[in-house]
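In case you want the letters, here they are:
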Amino acid sequence: MVEGHQVHRVQHQHAAVLKGKAFKATSPNGRFADGAAAVNGRVLADVQAVGKNLAYEFARPGAESVFVRVHFGMSGRHAAFAPSEEPATTATTRLRLEAADGSVVTHLSAMTVEAGGPEVLAGLLSTLGPDPLRADADPARFWAALQKSKRSVGYELMRQEALAGVGNIYRAEVLHFARVHPDTPAGAVTQDQFKLIWSESVRQMRAGFETGSIVTVPESLRPTLADPTARRVVYNRPRCAVCGGRVVSWAINARTAYACEACQPPA
């Protein structure tokens, strides 16, 4: 699954390379033919990341913008190429964009690609939880979701309607650094614990955005670790990189959760 920090990296790259250009749009596999027709000839005015979704805004003078929402799913990608280096499209290529100035071509394959009006972006912002990598993120919305929930905090961290962009690796690592067991009832999380969960979500995802890799251990912490070479402290590890204790794993909503019960005592 493409994680939130990777989606933000695509957004950042495409804002720099594609924004402001007019595009010829086609759907090579025919699965986005109507959407391609709707954006054909328009200028890419903006691209935003919201959790694990991208929203591309295509504009034309005197007309309402067309928004294309993309959710990559497990293995989607939206790659840009110099025209001289463009590969052949494949059976999964749902959208091909060719810049009118001949500078760049893109191929998009993704689990979800849909087009519509401004309600597409508005829907993402209203139905998804706050995205730790967005400047306009309101952590109070996530706190409210925890307080209302009857499920565990581990469940809520993966629920995109509560917190947008966090995946399974971040769930394990954020909760460990916050010293909260994943099975802790969401409504029992204290404000101090919540502040740590939010700040760790921001720190770890920003590091992932900047480096392109999920390495949750800060360099300043390494000399104190039981395993100073660790990239992560509990995710997919038999032993906790912090204390050396046994890491336990179990399923939360069909996804594997991890915890060190020495560092994260069960509630």
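Residues numbered from 1 in each chain as written. Predicted model: local features only at pLDDT ≥ 70, side-chain atom pairs only at ≥ 80, totals over all residues. Heavy atoms only, no water.

A. Up close: the overall build of the protein chain. Check the secondary structure of the protein chain and you find seven helices and 10 strands. Relative to the globule expectation of 18 Å for 267 residues, the C-alpha radius of gyration of the protein chain, 21 Å, shows essentially globular dimensions. Counting contacts in the protein chain only where the partners sit at least 6 residues apart, residues at least 24 apart contribute 59% of the total. Taken as a whole, the protein chain presents about 12,000 Å² of accessible surface, with 51% of it coming from carbon and sulfur. (Helix = DSSP H or I, 4+ residues; strand = E, 2+ residues; numbered from the N terminus. Rg over C-alpha atoms; globule rule 2.2 N^0.38 Å. Contact = heavy atoms within 4.5 Å. Areas by Shrake-Rupley, 256 points an atom, 1.4 Å probe, with all protein chains shown as cover.)

B. Geometry of the packing of helix H1 (residues 4-17) against helix H7 (residues 191-211). Between H1 and H7, the shortest axis-to-axis distance is 8 Å and the interhelical angle comes to 45 degrees. Put simply, H1 runs oblique to H7. As for how H1 packs across H7, the hand of that crossing is right-handed. On the side of H1, the interface is formed by Gly 4, His 5, His 8, Arg 9 and His 12, while H7 contributes Met 205, Gly 208, Phe 209, Glu 210 and Thr 211. (Axes fitted to C-alpha atoms, helices over the stretch in contact; angles between N-to-C directions. Parallel < 35°, antiparallel > 145°, perpendicular 65-115°, else oblique. Left-handed = near helix turned anticlockwise from the far one by under 90°.)

C. Here's a closer look at the nonpolar core. The biggest cluster of nonpolar side chains holds 26 residues, and the ones touching the most others in it are Phe 23, Leu 54, Tyr 56, Phe 58, Val 68, Val 70 and Phe 72. Elements with a minimum of two residues in this core: H1, strand S1 (23-26), helix H2 (33-39), strand S2 (43-50), strand S3 (53-60), strand S4 (63-71) and strand S6 (95-99). Of all hydrophobic cores here, the second largest spans 22 residues; its members include Leu 146, Val 153, Ala 162 and Leu 163. (Core = buried A, V, L, I, M, F, W, Y, C linked by side-chain atoms within 4.5 Å. Buried < 20%, exposed > 50% of the residue type's maximum accessible area, 1.4 Å probe, protein only.)

D. Highlighting the pairing of S1. Only one face of S1 is covered, namely the one carrying Phe 23 and Ala 25; the face carrying Lys 24 and Thr 26 has none of its residues buried. Bridging between S1 and S6 involves four bridges; their strand directions are antiparallel. Paired with Phe 23 across the two strands is Ala 99, which belongs to S6. (Pairing = 2+ DSSP bridges.)

E. Quick look at the pairing of strand S7 (residues 105-109). Counted residue by residue, S7 has five buried out of five residues, so it is predominantly covered. Of the two faces of S7, both are covered, the one formed by Val 105, His 107 and Ser 109 as well as the one formed by Thr 106 and Leu 108. Where strand S5 (residues 77-81) and S7 come together, five bridges link them in antiparallel fashion. Paired with His 78 across the bridge in S7 is Leu 108. Judged from the four bridges that link them, S6 and S7 form a sheet pairing that is antiparallel. When the bridges of S7 are listed, Leu 95 appears paired with Leu 108. In this antiparallel pair of consecutive strands, S6 and S7, the connection spans five residues, and Gly 102 shows a positive phi of 75 degrees.

F. Structural detail: the environment of Ala 33. Mapped onto the fold, Ala 33 is located in helix H2. For Ala 33, a relative accessible area of 43% puts it in the partly exposed group. When the C-alpha positions of Ala 33 and Arg 94 are compared, they lie 8.2 Å apart, and in sequence the two are 61 residues distant.

G. Expanded view of the packing of helix H6 (residues 168-177) against H7. Remark: H6 packs on H7, axes separated minimally by 9 Å, with the N-to-C direction vectors making an angle of 130 degrees. On the basis of their axis angle, the class for H6 and H7 is oblique. As for the relative orientation of H6 and H7, their crossing is right-handed in sense. Residues Tyr 170, Glu 173, Val 174, Leu 175 and Phe 177 of H6 touch H7, and the partners they reach there are Ile 197, Glu 200, Ser 201, Arg 203, Gln 204, Met 205 and Gly 208. For the contact of H6 with H7, the class distribution of residues is six nonpolar, three polar and three charged. (Nonpolar A, V, L, I, M, F, W, Y, C, P; charged D, E, K, R; others polar.)

H. Geometry of the packing of aromatic side chains. What the rule picks out here adds up to three aromatic pairs. Between Phe 142 and Phe 194, the aromatic rings sit 5.6 Å apart at their centres with planes inclined by 50 degrees, giving tilted as the arrangement. Of this pair, Phe 142 sits in helix H4 (residues 139-148) while Phe 194 sits in helix H7, placing them 52 residues apart in sequence. Across the pair, Phe 194 and Phe 142 agree in class, each one buried. Between Tyr 235 and Tyr 258, the aromatic rings sit 5.1 Å apart at their centres with planes inclined by 65 degrees, giving edge-to-face as the arrangement. Here the residue Tyr 235 occupies a position in the loop between H7 and strand S9 (247-252), and Tyr 258 occupies one in strand S10 (residues 255-260), the gap between them amounting to 23 residues. Judged by relative accessible area, Tyr 258 falls into the buried class, the value being 11%. Here the aromatic cluster, defined as three or more aromatic residues joined through ring pairs, consists of Phe 142, Trp 143 and Phe 194. In this structure, Arg 203 packs its charged tip against the face of Phe 177, placed 5.0 Å from the ring centre. (Phe/Tyr/Trp six-rings, centres within 6.5 Å; stacked < 30°, edge-to-face > 60°. Lys NZ or Arg CZ within 6 Å of the ring centre and 35° of its normal.)

I. Local environment of the sheet that holds S7. The strand order across the open sheet formed by four strands is S1-S6-S7-S5, and the pairing between neighbours is antiparallel. Looking at the sheet topology across the chains shown, the edges are occupied by S1 and S5. Neighbour-to-neighbour, the strand axes of the sheet open up by a mean angle of 15 degrees, direction not taken into account.

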